[in-house]
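Next come the chains, spelled out residue by residue.
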Amino acid sequence: MHMIRHLMVAVFGVGLASTAHAAEITTLGQPAQLDIRVAGAHSIRVTLRPVAFDDTFPFTPALAEREYAAPVISLRALDEPIKRQVGPLTVEVRADPLRVIVTGTNGEAIQDLIFADDGTLAFALDDQPILGMGEGGPQPGRDWREHQIEFDRRGRMHDMRPRWQANAYGSRNPVALLIGTAGWGLFVATPWGAFDLRDTERGQFSPWQPPEPPVIPENASRRERTQLERSYTAQVQGRPPKESLHPGVYDLFVFDAHEPVQFMKDLSLISGPAVLPPKWSLGYMQSHRTLEDDELMLDIVDTFRAKRIPMDAVIYLGTGFTPVGWNTRQPSFAFNPEVFRRDPKDVIADIHARHAKFIVHMVPWRRDRLPSLRGTIPPDSDETLDDAHILNYWRQHVDLVKAGVDAWWPDEGDWFDLFERIKRHQLYYQGPLSTTPNTRPWSLHRNGHLGIAQWGGWVWSGDTEGTWKTLEGQIAVGINHSLSLSPYWGSDTGGFYTTEELTGELYARWFQFSTFCPSFRSHGRIWRTRLPWGWGLKEMGPLEGQRRPPHRSELNNPAIEAICRQFAELRYQLMPYTYTLAWQARDTGLPFMRALWLHYPEDEEARSLGDQYLWGRDMLIAPVYKPGARTRDVYLPPGQWYDWWTDANEIGGRTIHRPVNISKIPIYVRAGAIIPFDPVRQYMAEPVDEPTTLRIYTGADGQFTLYEDDGVSLDYLQGHATWTKLTWDDSEQCLTLEPGAPEGTSSQPLPRSFEILLIPGGRTTRVNYGGERVIVSLLEE
């Protein structure tokens, strides 16, 4: 129990005097120490541990390795309440029960924690939405299409059980990070546990009690043995390993989130800043399932190029997950001879010659061959290079790298515990770098947790259903994932499981949504319906076990291809803006997909919306998720906004009813935005002759710092990049271009020209920029 026992003990604390009659702090009946220290500019770290626990902090790979300052408050006993300034926050500690009250600079409430006698933790709630908590949502049952999509996490018990799931949400990758939009954040790094958010004033966290391994009778059949083992695995998978659990230990972070941008920065420092992905990975990726031969593989790439639909990578599923995949039956590192009639190296070289990357689906060995995942690459001197070491497992990939494989899709591994799941992300970052140094790795995983961004962790939402309700749900899933797990997220465009609801219209709407997701990728069963031109074909191709395929009348619809081409082109035209968002994710912790709350925290309407979001600071995206929609209600936060398609001006602070047709979704840009916009490319590295256009949305002052680097190497870690600061003065109608490199970097901009476009009105001018400050007046003469 957590309790205070009255004993004659001393009080240990920075700035505290000892007392002869104090109450001893305990946790689960053991003498304990409470430490409270600065975690970030707007956060604190609270650690409660038995005195017998030797380490300062319990270990979790969810946290980045970094130094923390000495505690401002360090107590083993407490006689009367104490109050101290911990960074910018004020912390009051009370006894019986042990209570930690956190307030902000101006006395505003942040959080009120109570460590209860039964080992649970109570915390304050309010009447505003709670966001975050990782990826996925509830298990709503068979009538899930009728349920309201969960964006706000309040109102139910969260068992925080990692699991495979289909329907509208996909996989559940829980993270114990609660983001109170009233202005607080709480991350329980240790222990793992469940959250009860059913009460309106107090939430409760209950530590997880791991089950005992099953006792399998000697006479158990193979089936009974398998059932017992699977039942146990389902209860422990994705959670911390049992040996890492220390009863009575709490290690948590409290954030002042009244300024959400500052909260995201602190979270990034605590969990590890995101590494930049290769630039090509922000382009479109086409996944394949049932293959025929290597000629089909090349034909798909050639069709993209002939139809002039931008694309940067092709992905191939493994055999066993499809009847005929890139390899022999999974798990396997061997190319499938039924598919590759020629040397795989030659086939991959031909794909590379068409400017496409080659990505393969990977499944790990089971425990008999891969007992665990541990270690680092390169290994530390005290590490044992056994079957569980990630270097030895990575070495099995090296021949594929030599054959030309560019990136990885590590699937399955649901049986891994939390530490192994994060270690797998580390494996697919450090492993490729050990084989191809100074080339940014990329991998896409089913499972993840806060802390994977430092390993370039990309997650997709798993095996979702191809329905309209799923498309709606994926918007909320992507926003919450981006707030609390990693900035790198996406879904299977069209949904993984094909249903009778999947039509050309639904695929087009999902493609439009995916254009504004970090991962832009199509995948699913009856895979030819996931091709941008698939709905214009006469045949669907292999049904791949789907019992409810779309009606044949949905085929022969060439209009869908034109819509997909338009949005793929838009994705590539916006790449200067989007790639800058990747840098912002690293530099500030802000994700690509942003809840409206991040930039409009005082707007109660904006806080609650989970079906629209900001793409960066300046663009508002409202995906259409209703069949046959003719209008889309869009809430515009306060200020002036411009319709992306028409340049029409709208006054914010209200909901508008935007007419829509199948070819467009509502996109709005705020006044003062500067959107860098490129010519159309067919692949990310394609040279173009025309300059980047700076689209200036007038009506307010604005600023944008354009980030550019080589898109391939790790040189950005040494500050080798270019930052161009763009400042718009609306009253003077002038744009200033100047170097905007952070201190300590080596920005060397090359001479270039920009086209400047004023919106509305359409006035244009061209400016040459060579790295020196330039002021361009756009006043009408």
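The model shown is predicted, which means the values in this text are computed figures rather than measured ones.

### Section: the overall build of the chain
When helices and strands are counted, the chain shows twelve helices and 42 strands. Compactness check: the chain gives a C-alpha radius of gyration of 27 Å against a globular reference of 28 Å for 781 residues, within 12% of the reference. Dimensions of the chain along its principal axes, counting C-alpha atoms only, are 85 × 80 × 55 Å. Going through the 781 residues of the chain one by one, you find that 62% of them count as buried.

### Looking at helix α2 (residues 260-271)
For α2, spanning twelve residues, the distance from its first C-alpha to its last is 16 Å, which sits close to the expected 16 Å at 1.5 Å a residue. Within α2 the residues assigned to the buried category are P260, F263, M264, D266, L267, S268, I270 and S271. Where α2 is buried, its residues contact β3 (30-40), β4 (43-50), β14 (173-180), β18 (250-256), α8 (468-484) and α11 (575-588). After α2 finishes, the residue G272 shows a positive phi value of roughly 105°.

### As for the packing of aromatic side chains
Going through the model one piece at a time under the given rule, you end up with 46 aromatic pairs. Between Y284 and F304, the aromatic rings sit 5.9 Å apart at their centres with planes inclined by 45°, giving tilted as the arrangement. Taken together, the positions of Y284 in strand β19 (residues 284-288) and F304 in helix α3 (residues 294-307) put the pair 20 residues apart, joining distant regions of the chain. What makes Y284 buried here is its relative accessible area of 1%. The rings of W280, W442, W458, Y488, F516, F592 and W615 are connected pair by pair, giving a single aromatic cluster. Geometry around W415 places R366 over its ring, the cationic atom sitting 3.8 Å from the centre.

### Digging into the pattern of salt bridges
According to the stated counting rule, one finds 37 salt bridges in the structure shown. Because the salt bridges share partners, they merge into one network encompassing R99, D112 and R202.

### Topic: the environment of V776
Tracing the sequence through the fold places V776 in strand β42 (residues 774-777). In this structure, the C-alpha to C-alpha distance between V776 and D368, residues 408 residues apart in sequence, is 67 Å. Beyond its immediate sequence surroundings of up to four residues, V776 is in contact with Q733, C734, L735, L737, I756, T765 and V767.

### Some details on the environment of V249
Assignment of secondary structure puts V249 in the loop between α1 (222-236) and β18. The buried category is assigned to V249, whose relative accessible area is 3%.

### Considerations on the packing of α2 against α11
One way to put it is that α2 packs onto α11 with a least axis distance of 8 Å and a crossing angle of 75°. One finds that α2 runs roughly perpendicular with respect to α11. Residue-level inspection shows V261, M264, K265 and S268 of α2 in contact with α11, the latter providing A585, R586, D587 and T588. Tallied by class, the residues present in the contact of α2 with α11 amount to three nonpolar, two polar and three charged.

### Here's the deal with unusual backbone geometry
Cis peptide bonds are those with omega within 30 degrees of zero, and the linkage from D96 to P97 qualifies with 0°. For P97, the position within the fold is in the loop between β8 (89-94) and β9 (98-103). Note the cis peptide between I377 and P378, where omega equals -5°. You can see P378 is positioned in the loop between β21 (357-362) and α5 (390-395).

### Re the side chain of H445
Among the secondary structure elements, H445 is positioned in strand β23 (residues 444-445). Classification of H445 by relative accessible area gives buried; the value is 2%. Within the local environment of H445, its side chain forms a polar contact with the side chain of S443, the two groups lying 2.9 Å apart. H445 has contacts with P410, R424, H425, Y428, W458, V459 and W460, leaving out every residue within four places of it along the chain.

### A few points about the sheet that holds strand β28 (residues 613-615)
The sheet built from six strands is open, its strands ordered β27-β28-β29-β34-β31-β32 with antiparallel pairing. Each edge of the sheet is formed by a strand with only one pairing partner; in this case those strands are β27 (593-594) and β32 (649-651). Where strand β29 (residues 619-621) and strand β34 (residues 667-670) come together, three bridges link them in antiparallel fashion. Each bridged residue has a counterpart across the sheet, and for M619 the counterpart in β34 is V669. Against the sheet, α11 engages β27, β28 and β29, with an angle of about 100° to β28.

### Quick word on the sheet that holds strand β26 (residues 520-522)
With parallel pairing, the five strands of this open sheet are ordered in space as β22-β21-β20-β19-β26. Looking at which strands have only one partner, the edges of the open sheet turn out to be β22 (407-410) and β26. The mean inter-strand angle of the sheet, taken between neighbouring strand axes irrespective of direction, is 25°. Across four bridges, the pairing between strand β20 (residues 313-316) and β21 is parallel. Within β21, the residue paired with I315 across the bridge is I359. Docked against the sheet, helix α9 (residues 504-514) engages β19 and β26, running at close to 155° with respect to β26.

### Here's the deal with helix α10 (residues 559-573)
Here α10 contains 15 residues, and its C-alpha end-to-end distance of 21 Å stays within 8% of the 21 Å for a straight helix at 1.5 Å per residue. The set of residues buried in α10 consists of I560, E561, I563, C564, F567, A568, L570, R571, Y572 and Q573.

### Comments concerning the pairing of β8
In terms of burial, β8 is a largely internal element, five of the six residues being buried. Pairing geometry for strand β7 (residues 82-86) and β8, over five bridges, is antiparallel. Paired with Q85 across the bridge in β8 is T90. From the end of β7 to the start of β8, which pair antiparallel, there are two residues, and G87 there has a positive phi angle of about 65°. Bridge count between β8 and β9: five bridges; the pairing is antiparallel. Looking at the pairing, E92 lines up with I101 of β9. Hairpin remark: β8 followed by β9, antiparallel, with three residues in the connecting loop; positive phi at D96, about 50°.

### Remarks on the side chain of S491
Following the sequence through the fold, S491 ends up in the loop between β25 (489-490) and α9. Within the structure, the side chain of S491 is placed 3.0 Å from the side chain of W510, a separation counted as a polar contact. Among all residues touching S491, those that are not within four sequence positions of it are S461, Q474, W510, F513, S514 and R521.

### Some words on the confidence of the model for the chain
The predicted coordinates should not be examined in detail at positions where pLDDT is low. On average, the chain scores 95 in pLDDT, and the residues at 70 or more come to 97%. Low pLDDT, under 50, characterises residues 1-19; the stretch is placed with 68 contacts to residues that sit more than four places away or in other chains.

### Overview of the packing of α9 against α10
Where α9 meets α10, the axes come as close as 9 Å, and the angle between the chain directions of the two elements is 5°. By the criterion of interaxial angle, the relationship of α9 to α10 is roughly parallel. Mapping the contact onto sequence places G504, E505, Y507, A508, F511, Q512 and S514 in α9 and I560, I563, C564, F567, A568 and R571 in α10. When the residues that make up the contact of α9 with α10 are grouped by side-chain class, the tally is eight nonpolar, three polar and two charged.

### As for the pairing of β19
Most of β19 sits inside the fold, with five of its five residues counted as buried. Residues of β19 alternate between two faces, with Y284, Q286 and H288 on one and M285 and S287 on the opposite face, all of them buried. Judged from the three bridges that link them, β19 and β26 form a sheet pairing that is parallel. Following the sheet pairing, Y284 is matched in β26 by F520. Sheet analysis places β19 next to β20, joined by four bridges and oriented parallel. For S287, the partnering residue across the bridge sits in β20 and is I315. Note that the unit made of β19, α3 and β20 has a crossover that is right-handed.

The rules behind the values
Residues numbered from 1 in each chain as written. Predicted model: local features only at pLDDT ≥ 70, side-chain atom pairs only at ≥ 80, totals over all residues. Heavy atoms only, no water. Helix = DSSP H or I, 4+ residues; strand = E, 2+ residues; numbered from the N terminus. Rg over C-alpha atoms; globule rule 2.2 N^0.38 Å. Buried < 20%, exposed > 50% of the residue type's maximum accessible area, 1.4 Å probe, protein only. Expected span 1.5 Å × (residues − 1). Contact = heavy atoms within 4.5 Å. Phe/Tyr/Trp six-rings, centres within 6.5 Å; stacked < 30°, edge-to-face > 60°. Lys NZ or Arg CZ within 6 Å of the ring centre and 35° of its normal. Salt bridge = Lys/Arg side-chain N within 4 Å of Asp/Glu carboxyl O. Axes fitted to C-alpha atoms, helices over the stretch in contact; angles between N-to-C directions. Parallel < 35°, antiparallel > 145°, perpendicular 65-115°, else oblique. Nonpolar A, V, L, I, M, F, W, Y, C, P; charged D, E, K, R; others polar. Polar contact = N/O pair within 3.5 Å; in protein donor to acceptor, adjacent residues only side chain to side chain. Pairing = 2+ DSSP bridges. pLDDT = per-residue confidence, 0-100. Right-handed = clockwise from strand over helix to strand, strands pointing away.

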